[in-house]
Amino acid sequence: MTDRKDELAANLAKVEDRIAAACAAAGRAREEVTLIVVTKTYPASDVRMLAELGVRHVAENRDQDAAPKAAECSDLPLAWHFVGQLQTNKVRSVVGYADLVQSVDRSKLVTALSKEAVRQGREVGCLVQVALDAGASGRGERGGVAPGGIEELAGLVAKAPGLRLDGLMTVAPLSGEYAGRQQAAFERLMDLSTDLRRAHPAANMVSAGMSADLEEAVAAGATHVRVGTAVLGVRPGLG
Ligand SMILES: *Cc1c(COP(=O)(O)O)cnc(C)c1O
């Protein structure tokens, strides 16, 4: 193996140990949690090595970075998740490679994703991104809809041709009542998921937890964790 592949393998093993330990501590089966590796800012060659090491889910947050990488890796057995704030003018490109969009946070985006999914003959899984720090505006600093907006948005996704409502996603807030209280934030997301599943039983994905707080997410009941830095290393600059 190359040095880089050795490094990725060692990091993946450490993350796998952390997830397994968190599952054991929570009395959950390891299979209940899916690892999504966030490959943003890292090259397609890293994505290829990760696939060779058994990774099956990758995530990206900027279309400019993701589109060429996904094209270069189109032969790999990977599910691509889009997790960044998404402008409607990028929807055509994103629908071309994304299997799931985890950052659905407004009705205009639902309309655009649906239209494009139908046009391209694709089905796109959607998670409603929840902002637990949403102010009076009803929107979060880093995207997301306030808890009060979930039901309406989920209903729109569920009815939209070409889209599939898969569940909820959040990023632990840096401000507001949940700042520094990751586990409480993720438990709140789980409660919101329970509410959502009353109307939409199949929408059972709960995407929460990153490199620094995956244990709290697993403890709260997350089904998907999104891990970047702990697998690939600290990102240089933006991202
Ligand atoms: C970058 C990113 C992650 C991964 O963060 P790390 O701290 O590098 O693990 C997870 N979720 C989203 C939405 C991201 O943008």
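All residue numbers refer to position in the chain's written sequence, counted from 1. For this predicted model, a pLDDT threshold of at least 70 governs which residues receive local features, and a threshold of 80 or more governs which side-chain atom pairs are given and counted, while totals over whole chains, interfaces and linings are taken from all residues. As a convention, hydrogens and water are excluded, and side-chain values are obtained from all of the structure's heavy atoms.

- Going by the annotation in an unreviewed UniProt entry, the name recorded for the protein is Pyridoxal phosphate homeostasis protein, with Streptomyces muensis given as the source organism.
- UniProt positions are given in the numbering used here, feature names are shortened, and annotations may be inferred rather than shown by experiment. Per UniProt, the protein carries the Sequence similarities (unreviewed entry) text "Belongs to the pyridoxal phosphate-binding protein YggS/PROSC family."
- Recorded under Cofactor (unreviewed entry), the UniProt text for the protein is reproduced unchanged: "pyridoxal 5'-phosphate".

1. Considerations on the overall build of the protein
Consideration 1: Summing up its helical and strand segments, the protein has nine helices and eight strands in all.
Consideration 2: Its C-alpha atoms give the protein principal-axis dimensions of roughly 50 × 40 × 35 Å.
Consideration 3: A burial count over the protein gives 51% of its 239 residues as buried.
Consideration 4: Two residues qualify as a contact provided that any one of their heavy atoms is within 4.5 Å of a heavy atom in the partner residue. Put simply, 59% of the contacts in the protein that link residues at least 6 apart link residues at least 24 apart.
Consideration 5: Counting every atom, the protein has about 10700 Å² of accessible surface; 51% of that belongs to carbon and sulfur.
Consideration 6: Here Asp and Glu are counted as negative and Lys and Arg as positive; His is not counted, and neither are the chain ends. Each charge is placed at NZ for Lys, CZ for Arg, CG for Asp and CD for Glu. Here the protein holds 28 positive side-chain charges and 30 negative ones, and the gap between their average locations is 5 Å. Numbering of helices and strands runs from the N terminus; a helix is a DSSP stretch of H or I covering at least four residues, while a strand is a stretch of E covering at least two. Only protein chains enter the area calculation, which uses a 1.4 Å probe; residues under 20% of their type maximum are buried, those over 50% are exposed, and those in between are partly exposed. Exposure was quantified through the Shrake-Rupley algorithm and a 1.4 Å probe, taking into account, for residues, occlusion by the shown protein chains and nothing else.

2. Considerations on the nonpolar core
Consideration 1: Membership of the largest hydrophobic core comes to 71 residues, with the highest contact counts inside it found for Val101, Leu113, Leu163, Val225 and Val231.
Consideration 2: Residues within four places of leucine 163 in sequence aside, it is in contact with Val110, Leu113, Ser114, Ala117, Val124, Cys126 and Val157.
Consideration 3: In plain words, nonpolar cores are sets of buried Ala, Val, Leu, Ile, Met, Phe, Trp, Tyr and Cys residues tied together by side-chain atoms within 4.5 Å. The next biggest cluster of nonpolar side chains, apart from the first, holds eight residues, and it includes Val38, Ala59, Leu100 and Met169.

3. Some words on the pairing of strand β3 (residues 79-82)
Consideration 1: Neither face of β3 is exposed, since Ala79 and His81 on one face and Trp80 and Phe82 on the opposite face are all buried.
Consideration 2: Paired strands are those between which DSSP finds at least two bridges. Two elements, strand β2 (residues 57-60) and β3, share four bridges in a ladder whose sense is parallel. Paired with glutamate 60 across the strands is phenylalanine 82, a residue of β3.
Consideration 3: Read from β2 through helix α3 (residues 63-72) to β3, the crossover connection turns out right-handed.
Consideration 4: Sheet topology places β3 next to strand β4 (residues 100-104); two bridges connect them, and they run parallel. The residue of β4 that forms the bridge with phenylalanine 82 is valine 101. Viewed with both strands pointing away, a crossover whose connecting path from the first strand over the helix to the second turns clockwise is right-handed.

4. Side note on the site of the ligand
Consideration 1: The nearness test applies per residue and asks whether one of its heavy atoms lies within 4 Å of the molecule or strand. Taken together, Val38, Lys40, Val83, Met210, Ser211, Arg226, Val227, Gly228, Thr229 and Arg235 make up the full set of residues adjacent to the ligand.
Consideration 2: Here an oxygen atom of the ligand sits 2.8 Å away from a polar atom, N or O, in the side chain of arginine 235.
Consideration 3: In isolation the ligand offers 390 Å² of accessible surface; the protein chains occlude 88% of this area. Two N or O atoms form a polar contact when they lie within 3.5 Å of each other; inside protein one atom must be a possible hydrogen donor and the other a possible acceptor, and for residues adjacent in sequence the pair counts only when both atoms belong to side chains.

5. Notes on helix α7 (residues 182-199)
Consideration 1: Between the first and last residue of a helix there are one fewer steps than residues, each counted as 1.5 Å, and that sum is the expected span. For α7, spanning 18 residues, the distance from its first C-alpha to its last is 27 Å, which sits close to the expected 26 Å at 1.5 Å a residue.
Consideration 2: Turning to α7, its buried residues number three or more, namely Ala185, Phe186, Leu189, Met190, Leu192, Ser193 and Leu196.
Consideration 3: Those residues of α7 that are buried lie in contact with β5 (124-130), α6 (150-159), β6 (163-170), β7 (205-207) and α8 (214-220).

6. Focus on the UniProt feature "modified residue: N6-(pyridoxal phosphate)lysine" (unreviewed entry) in the protein
Consideration 1: The UniProt record annotates "modified residue: N6-(pyridoxal phosphate)lysine" (unreviewed entry) at Lys40.
Consideration 2: Its place among the elements puts lysine 40 in the loop between β1 (34-38) and α2 (44-52).

7. Comments concerning the environment of valine 227
Consideration 1: Looking at the element boundaries, valine 227 is found in strand β8 (residues 224-227).
Consideration 2: Judged by relative accessible area, valine 227 falls into the buried class, the value being 0%.
Consideration 3: For the pair valine 227 and leucine 12, spaced 215 residues apart in sequence, the C-alpha separation works out to 9.8 Å.

8. Remarks on unusual backbone geometry
Consideration 1: Despite not being glycine, threonine 41 has its phi angle at roughly 75 degrees, a positive value.
Consideration 2: With respect to the element layout, threonine 41 can be found in the loop between β1 and α2.
Consideration 3: Under the relative-accessibility criterion, threonine 41 is labelled partly exposed at 33%.

9. Thoughts on the pattern of salt bridges
Consideration 1: For this document, the term salt bridge refers to a Lys or Arg side-chain nitrogen within 4 Å of an Asp or Glu carboxyl oxygen. In this structure the tally under the stated criterion is 16 salt bridges.
Consideration 2: Here arginine 198 makes a salt bridge to aspartate 195, at a shortest N to O gap of 2.7 Å. Here aspartate 195 and arginine 198 lie together in helix α7, a separation of three residues that amounts to about one turn.
Consideration 3: The class for arginine 198 is exposed, based on a relative accessible area of 63%.
Consideration 4: What emerges from the salt-bridge pattern is a single network uniting Arg4, Glu7 and Asp46.

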